[in-house]
Amino acid sequence: MGTKTVYEDCDILVVGGGMGGTGAAYEARYWGRDLKVVVAEKANIDRSGAVAQGLYAINCYMGTQWGENNPEDHVRYARNDLMGLVREDLAFDMARHVDSAVHKFEDWGLPFMKSAETGQYLREGKWQIMIHGESYKPIVANAARNSADKIYNRIMVTHLLMDESRDNRVGGAVGFNCRTGDFHVFRAKSVIVAAGGASHIFKPRAVGEGMGRTWYAPWSSGSAYALSIQAGAKMTQMENRIVLARFKDGYGPVGAYFLHLKTYTQNAYGNEYEATWYDDTKAMVGEYIDHQPTPTCLRNHAFIQEMKAGRGPIHMVTKEAFQDPHLEEVGWENFLGMTVSQAVVWASQDIDPKYTNPELTTSEPYVMGSHATCSGAWCSGPEDLSPEEYFWGYNRMMTVDGLFGAGDAIGGTAHAFSSGSFTEGRLAAKAAVKYVNDLKDEKIDVTDKQIYDLKKAIYKPLENYKVGRNEIVGGTVSPSYLLPIQGLQRLEKVMDEYVGGISVNYMTNDKMLERGIELLDIMEEDFENIGAEDLHQLMRAWELKHRLLASQSVAQHTLFREETRWPGYYYRGDHMKLDDENWHCLTLSRRDPKTREWTMEKAPVYHLVD
Ligand SMILES: Cc1cc2nc3c(=O)[nH]c(=O)nc-3n(C[C@H](O)[C@H](O)[C@H](O)COP(=O)(O)OP(=O)(O)OC[C@H]3O[C@@H](n4cnc5c(N)ncnc54)[C@H](O)[C@@H]3O)c2cc1C
């Protein structure tokens, strides 16, 4: 291991410089003028994370200054969409602060579309406002850059460090530079994990040469979950994976089409189909189907059932809206600002939405905590709102002392989106500053042994390859190591077939989950033998290990919740109904870092808003 070791001691380490991470860096400086704030980012913060390519709409803005919505309204909305189960304290807390974050984006130069009549932000829907957002990410990155003492780009963080002078307290993080190979040690008094969600844990619809084309960013490798799980943090709602109905193959967003262009869907024979499945859905979920707006998962359910009934494909009716030149322009611009590939797919398949209604599809499942889903770490809420079970001292602190989270990393907070994730980063950083100040002169103790052991583990895949490569003269199949891509395909296959992916129409049951969990455990042993031929593959190896841990957590949670709470996201074949009597609760898990055993429990859902 002739690699150089770079040490950095700081007060607050932010892991991941996406929306949550940039918000955290900005706010940490505001409250912690004298504190040392460092960001470690796997890519380059100018173009990293789910917002890398830009966005066309900010999906979470109350508009309280214009009397549009109040935070309570947003809590009701998120709760309804998630079939009753969200952390209402966290949702309210985010919603009461999100507008101020959005106003900052405008101050920093992000161009907003405005209504010609009122001068107000142009609404795409009740919660969404429209932006010219190609440069959204560089703009928030700039704010982080102006705030942090140092930003390290190209650092894949692989593990958190633990303080050895006190139980259950974080002490920093380690990782490596994906370009130079240097080993990086960040000793920190507090850590804010904001490393995004997880794609590619389930087999994607687009395989082979198209496998990089998923709805969720392919580089979101579940690190936020794995880092927290490895440290012994409790997770919540990891079963609540998300499936998206999107334009086929390019996964172009449908929000602007539904909300602004007023397009609608129909089956292959030109018929409306959601009403067909009303009785079926009502039998499964009861009155939830009568809620307005219809929860996203239930709309998916109708889509999936209609496809199973043989009346697919489902089309988006664009031909009418696209006759209006203004709407046609908006329709195309929507993709050019954030999902160019959808426009390219249509061009390559001779689809002009003015003359052809494009197909929709339901995606493979993803795990995230900021979209229409709320998987992630179990964290404390704010002191003025949270009931006892939800509060242990510092807002957004996980069940490990000094470890905070934001955005996709934190569970229970659906519908935060880009602006809400940035806001959560700010809230976490404000609390982390208080935590560090409260520590006063108390020292964090991280021994060289802890650091050395992790270093050895991190570079092992390079060693595995170097040694094992001599056993074969050509090709990629070796008796001694697995390449990251081979491991990834194994993982995706197990998750797909046993944990409710596309090939089983999102269906699973206790027996399948139990077998899936066994196979994932075997895989954990096999992944000790991952071989990485270069630094890029070393990054892939660690992404894979993080994905595996996130997957194990998803499988454990899915087994624990004995009901079908979100038909359209997944189905428990052995419990095909929603069961409010027994399961109107949040699920929690913890993996013991030493024994690797999982324990599961229920936590109450408090409805704080009428
Ligand atoms: C396809 C798609 C479309 C969306 N459309 C909209 C929209 O129209 N409007 C809207 O408001 N929101 C939208 N969102 C939601 C928004 O993008 C997310 O809510 C937000 O980006 C989440 O913030 P985050 O900080 O948790 O994750 P990200 O912004 O994804 O940031 C995570 C960061 O962590 C880094 N990272 C990952 N692993 C590591 C590691 N091991 N070490 C170091 N760094 C690491 C990543 O490189 C990345 O920079 C969309 C999301 C997706 C996926």
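Values in this document were obtained by computation on a predicted structure and should not be read as measured data.

The rules we used
Residues numbered from 1 in each chain as written. Predicted model: local features only at pLDDT ≥ 70, side-chain atom pairs only at ≥ 80, totals over all residues. Heavy atoms only, no water. Near = heavy atom within 4 Å. Polar contact = N/O pair within 3.5 Å; in protein donor to acceptor, adjacent residues only side chain to side chain. Areas by Shrake-Rupley, 256 points an atom, 1.4 Å probe, with all protein chains shown as cover. Nonpolar A, V, L, I, M, F, W, Y, C, P; charged D, E, K, R; others polar. Buried < 20%, exposed > 50% of the residue type's maximum accessible area, 1.4 Å probe, protein only. Helix = DSSP H or I, 4+ residues; strand = E, 2+ residues; numbered from the N terminus. Pairing = 2+ DSSP bridges. Axes fitted to C-alpha atoms, helices over the stretch in contact; angles between N-to-C directions. Parallel < 35°, antiparallel > 145°, perpendicular 65-115°, else oblique. Left-handed = near helix turned anticlockwise from the far one by under 90°. Contact = heavy atoms within 4.5 Å. Salt bridge = Lys/Arg side-chain N within 4 Å of Asp/Glu carboxyl O. Expected span 1.5 Å × (residues − 1).

### Side note on the site of the ligand
Contacts to the ligand come from 31 residues, most closely from Gly-20, Glu-41, Ala-57, Ser-370 and Ser-418. The backbone of Met-19 places a nitrogen or oxygen atom 3.1 Å from an oxygen atom of the ligand. Note that a nitrogen atom of the ligand is positioned 3.0 Å from one of the side-chain N or O atoms of Ser-223. Burial of the ligand by the protein chains amounts to 95% of its free accessible area of 1000 Å². A class-by-class count of the residues in the shell around the ligand yields 15 nonpolar, 13 polar and three charged.

### Brief notes about the pairing of strand S7 (residues 170-177)
Counting buried positions along S7 gives eight out of eight residues, so the element sits mostly inside the fold. Pairing geometry for strand S6 (residues 155-162) and S7, over seven bridges, is antiparallel. Looking at the pairing, Met-162 lines up with Val-170 of S7. With antiparallel pairing between neighbouring strands as the criterion, S7 and strand S8 (residues 183-193) make up a hairpin whose turn holds five residues, including Gly-181 at a positive phi of roughly 85°.

### So, the packing of helix H12 (residues 448-468) against helix H15 (residues 535-560)
One can describe the packing of H12 onto H15 by two numbers: an axis separation of 9 Å at closest approach and a directional angle of 120°. Classed by the angle they form, the pair H12 and H15 counts as oblique. When the axes of H12 and H15 are compared, the crossing they make is right-handed. Taken together, the residues of H15 that come into contact with H12 (itself represented by Ala-457, Ile-458, Tyr-459, Pro-461 and Leu-462) are Leu-535, Leu-538, Ala-541 and Trp-542.

### Points about the side chain of Ser-418
Within the fold, Ser-418 resides in helix H11 (residues 417-439). Residue Ser-418 is classed as buried on the basis of its relative accessible area, which comes to 7%. Within polar-contact distance, the side chain of Ser-418 engages the side chain of Tyr-136 at 2.9 Å. Excluding its chain neighbours within four sequence positions, the residues that come into contact with Ser-418 are Met-19, Val-51, Leu-55, Ile-58 and Tyr-136.

### With respect to the pattern of salt bridges
For side chains of opposite charge, pairing can occur when their charged atoms come near one another. Within this structure, the stated rule accounts for 44 salt bridges. With its nearest N and O atoms 4.0 Å apart, the salt bridge here joins Asp-182 to Lys-4. In this pair, Asp-182 is assigned in the loop between S7 and S8 and Lys-4 in the segment before strand S1 (5-15), connecting sequence segments 178 residues apart. Among the salt bridges present, the one from Lys-36 reaches Glu-8, with a minimum N-O distance of 2.5 Å. Remark: Glu-8 occurs in strand S1 and Lys-36 occurs in the loop between helix H1 (19-31) and strand S2 (37-40); sequence separation between them is 28 residues. For Glu-8, a relative accessible area of 9% translates into the label buried. The network of salt bridges with common partners includes Asp-93, Arg-96, Asp-384, Arg-396 and Glu-424.

### Regarding helix H13 (residues 484-498)
For H13, built from 15 residues, the straight-helix expectation of 21 Å at 1.5 Å per residue is met to within 8% by its first-to-last C-alpha distance of 21 Å. Considered for burial, the residues of H13 that qualify are Pro-484, Gln-486, Gly-487, Leu-488, Leu-491, Glu-492, Val-494, Met-495 and Asp-496. Its buried side turned inward, H13 meets helix H14 (510-526) and H15. Downstream of H13 by a residue or two, Gly-500 has a phi angle that is positive, lying close to 100°.

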